[in-house]
Amino acid sequence: MDSLAEQLARRIRAEFSSRPWIVATGIVQGAVRSAAAMSAAGAERVLAIGVRDGVGPLDETVETLRLGRSLRGSMMGRGSMMEGIRHDEAVLDALDPDTCARIDRFDPSKEARVVVDVPSVAGRVAGRATFGARPPAWRDLEDKLAILEVWDAAGVETAPHEIVALSDQDGARAAHARLATELGTVWALDNHDGWHGGAGGTHWARTTQDAERIAAAASRTNRLARVMPFLDGVPCSIHGLVLPGGVAVFRPMEMLIFRDPETGELSYGKAASFWDPRSQDRAAMRRAAAATGAELRRRLDYRGVFTLDGIVAADGFVPTEVNPRFGGALPTSLATTPPLNLHHLHLLAVERLLDDLDAADLESLVLERLDAERIGVGMMLVDRAPESERSAVVHRGDDGSLRFVEEAPERSGTDAPVAAQVRWGAGVSGGLVFVHLASTTPRGPSAAPLVLEVLRLADRAWQVGLPRLVVAPDVRPGHDVEGASPR
């Protein structure tokens, strides 16, 4: 009998080989990578469309349409990730006639389907229907206030919180005073001004004055905020995949959220899976994800991947938000035989093409591979972009020290192990630094300190304009290395 991975690969190939495909995303490099993955999975003709250039090389074998749109000149200083995403979605929602004509030449019969950026909602791009994009009702549940009702129905415990009208300065001060820890409070804005992620729409109020300032500034675009205590601990995420017969729940991932204690700014820096929480915390995360996924299915007939984000604080896991979409911390592919692309599975699940799949079988397959294959990718938006993209290798010496070498590994003049690879290029309106951790990164402890150390090395070597940052402390050590818990 064929393995589950082989059965899934056949399903994906049957779907992808049935028509031409278009991948339309904000960043050209992302579109090209996604198009190449679809071709490897069985698609015979794929066109990659990217709004603006990002960081990293391009696969020249992929048919690519680079729109060349740029945010430069539209912002002062370092732009946010959300500004970039909203700009890119607006461009793809209203493609110019010349771009549409070029797409028509690729797909004259208009039979292609379009795979869009994961945050996008279902619709049409250049007259072609999207595939695997979420309905508006799913996107709306990403609101950090709306999800409270879901958790209440699912029996998921949350931290103390209050909903504050941003126009009420007295109420803002009082809520902060009631809920603040020694580090203050965290404010999550509603989605009145559009969905937000990547630490956008989330604010750290260290003092009453911070709370007043946040409420006043946010009230120009938003109406409400959820205020909760600022809990120290490792920011984390766990993913589930919802099917009619159950929820496949995967392993905890560390979210790399850095903080500037002087300004109170929070910076999103992607994710890593080397961190292992205690077995009881892992189990608590998985239970909360299973209950949340079941309620999403009951309430919205949800399908596909979602993320449950939170903090492993001193007393254990505390959920903070849900993202009803394919999460940025989840690897897109796993080294099964044949290789399994989780994003492709998500797309088919959303389209209800996996409704007969056994969730428990999928969970066992994916969970085993995620525990075995660890990854870590850090990023940081910075003030400066280089004239041309730069890269370096970071080696670890016998004494544990790191050495930054702006050369290819084979020319670095050292046999020391590689700890990370670094690339610096253009970002939203300034620069963007990527850090790819080596697979030999120690398992168990948080990877955030290593990512920040590498970012600081890059700043010293290249003067990238790194913000003042510190990592969130692990206040609940005692890791179960290798994810020893079977579930």
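Cut-offs used in this document
Residues numbered from 1 in each chain as written. Predicted model: local features only at pLDDT ≥ 70, side-chain atom pairs only at ≥ 80, totals over all residues. Heavy atoms only, no water. Helix = DSSP H or I, 4+ residues; strand = E, 2+ residues; numbered from the N terminus. Rg over C-alpha atoms; globule rule 2.2 N^0.38 Å. Buried < 20%, exposed > 50% of the residue type's maximum accessible area, 1.4 Å probe, protein only. Areas by Shrake-Rupley, 256 points an atom, 1.4 Å probe, with all protein chains shown as cover. Pairing = 2+ DSSP bridges. Axes fitted to C-alpha atoms, helices over the stretch in contact; angles between N-to-C directions. Contact = heavy atoms within 4.5 Å. Expected span 1.5 Å × (residues − 1). Phe/Tyr/Trp six-rings, centres within 6.5 Å; stacked < 30°, edge-to-face > 60°. Lys NZ or Arg CZ within 6 Å of the ring centre and 35° of its normal. Salt bridge = Lys/Arg side-chain N within 4 Å of Asp/Glu carboxyl O. Parallel < 35°, antiparallel > 145°, perpendicular 65-115°, else oblique.

Moving on to the overall build of the protein chain. What the protein chain contains, in helices and strands, is twelve helices and 22 strands. Relative to the globule expectation of 23 Å for 487 residues, the C-alpha radius of gyration of the protein chain, 22 Å, shows essentially globular dimensions. Taking the principal axes of its C-alpha atoms as reference, the protein chain extends roughly 60 × 60 × 50 Å. Burial status across the protein chain gives 54% buried among its 487 residues. For the protein chain, the computed accessible surface area is about 20200 Å², with 49% contributed by carbon and sulfur atoms.

What follows concerns the sheet that holds strand S1 (residues 21–27). Read across the open sheet, the four strands follow the order S3-S2-S1-S4; overall the sheet is parallel. Bordering the open sheet on either side are strand S3 (63–66) and strand S4 (113–116), each of which pairs with just one other strand. In this sheet, neighbouring strand axes are inclined to one another by 20° on average, regardless of whether the strands run parallel or antiparallel. In this sheet, S4 lies alongside S1 in parallel orientation, the contact comprising four bridges.

Most of strand S12 (residues 246–260) sits inside the fold, with 14 of its 15 residues counted as buried. Pairing between strand S11 (residues 234–243) and S12: seven bridges, direction antiparallel. By the bridge assignment, Leu 243 is partnered in S12 with Gly 246. Hairpin connection, S11 to S12: the antiparallel pair is bridged by two residues. Note that S12 and strand S13 (residues 265–272) share six bridges and pair antiparallel.

Mapped onto the secondary structure, Ser 333 falls in strand S16 (residues 333–334). The sequence separation of Ser 333 and Leu 370 amounts to 37 residues, and the corresponding C-alpha distance is 9.9 Å. Apart from residues no more than four positions distant in its own chain, Ser 333 is found in contact with Leu 340, Asn 341, Leu 342 and Glu 373.

As a further point, take helix H12 (residues 448–462). The end-to-end C-alpha distance of H12 is 21 Å, a good match for the 21 Å that 15 residues give at a rise of 1.5 Å each. Turning to H12, its buried residues number three or more, namely Ala 448, Leu 450, Val 451, Leu 452, Val 454, Leu 455, Leu 457, Ala 458 and Trp 462. Buried residues in H12 make contact with S12, strand S18 (376–382), strand S19 (390–396), strand S20 (402–405), strand S21 (418–426) and strand S22 (431–437).

Let's shift gears to the environment of Asp 107. In this fold, Asp 107 is placed in the loop between helix H4 (97–106) and S4. For Asp 107, a relative accessible area of 1% corresponds to the buried category. Measuring from C-alpha to C-alpha, the distance between Asp 107 and Trp 21 comes to 8.8 Å, with 86 residues separating the pair along the chain. Each residue touching Asp 107, except ones within four places of it in the same chain, is listed here: Pro 20, Ala 112 and Arg 128.

This next bit is on the packing of aromatic side chains. Given two aromatic rings, their pairing is described by the distance between the two centres and the angle made by the two planes. Throughout the structure, instances matching the rule amount to six aromatic pairs. Taking the centre distance of 5.3 Å and the plane angle of 65° together, the rings of Phe 16 and Trp 21 count as edge-to-face. Side by side, Phe 16 and Trp 21 carry an identical accessibility label, which is buried. A centroid spacing of 5.7 Å and a plane angle of 20° characterise the contact between Trp 424 and Trp 462, whose relative ring orientation is stacked. Taken together, the residues Trp 424 in strand S21 and Trp 462 in helix H12 connect sequence positions 38 residues apart. By relative accessible area, which is 1% here, Trp 424 ends up buried. Overall, Trp 462 belongs to the buried group, its relative accessible area being 2%. One aromatic cluster is present, built from ring pairs that chain together Phe 16, Trp 21 and Phe 131. A cation sits over an aromatic face here: Arg 45 above Phe 106, 4.2 Å from the ring centre. One cation-aromatic arrangement involves Arg 259 over Trp 204; the distance from NZ or CZ to the ring centre is 5.9 Å.

On inspection of all chains with the given rule, the structure shows 35 salt bridges. Close ionic contact of Asp 356 with Arg 11 constitutes a salt bridge, the shortest N to O distance being 2.8 Å. Of this pair, Asp 356 sits in the loop between helix H10 (342–350) and helix H11 (359–372) while Arg 11 is found in helix H1 (residues 4–16), placing the two residues 345 residues apart along the sequence. In this structure Asp 356 comes out as exposed when scored by relative accessible area, which is 59%.

With that settled, consider the sheet that holds strand S9 (residues 202–205). Note on sheets: strands pair through backbone hydrogen bonds, and any given pair is parallel or antiparallel. What the four strands build is an open sheet, ordered S7-S10-S8-S9; its pairing is antiparallel. What marks the edges here is a single partner per strand, and that holds for strand S7 (162–165) and S9. Neighbouring strand axes in the sheet, compared pairwise and without regard to direction, differ in orientation by 30° on average. Pairing geometry for strand S8 (residues 185–189) and S9, over four bridges, is antiparallel. Residue pairing in the sheet places Trp 187 in a bridge with His 203 of S9. On top of the sheet, helix H7 (residues 169–179) reaches S7, S8, S9 and strand S10 (224–229); it is set at about 160° to S7, its chief contact.

Attention now goes to the packing of H1 against H11. Two elements in contact, H1 and H11, have axes separated by 11 Å at closest approach and are oriented at 105°. Considering their axes alone, H1 and H11 lie roughly perpendicular with respect to each other. Mapping the contact onto sequence places Leu 4, Ala 5 and Leu 8 in H1 and Asp 361, Leu 362 and Leu 365 in H11.

Bringing unusual backbone geometry into the picture now. Backbone torsion omega between Thr 337 and Pro 338 reads -5°, so that peptide bond is classified as cis. Within the secondary structure, Pro 338 is located in the loop between S16 and strand S17 (340–341). The phi angle at Arg 352 is positive, at roughly 65°, despite the residue not being glycine. Among the structural elements, Arg 352 can be located in the loop between H10 and H11. For Arg 352, a relative accessible area of 35% puts it in the partly exposed group.

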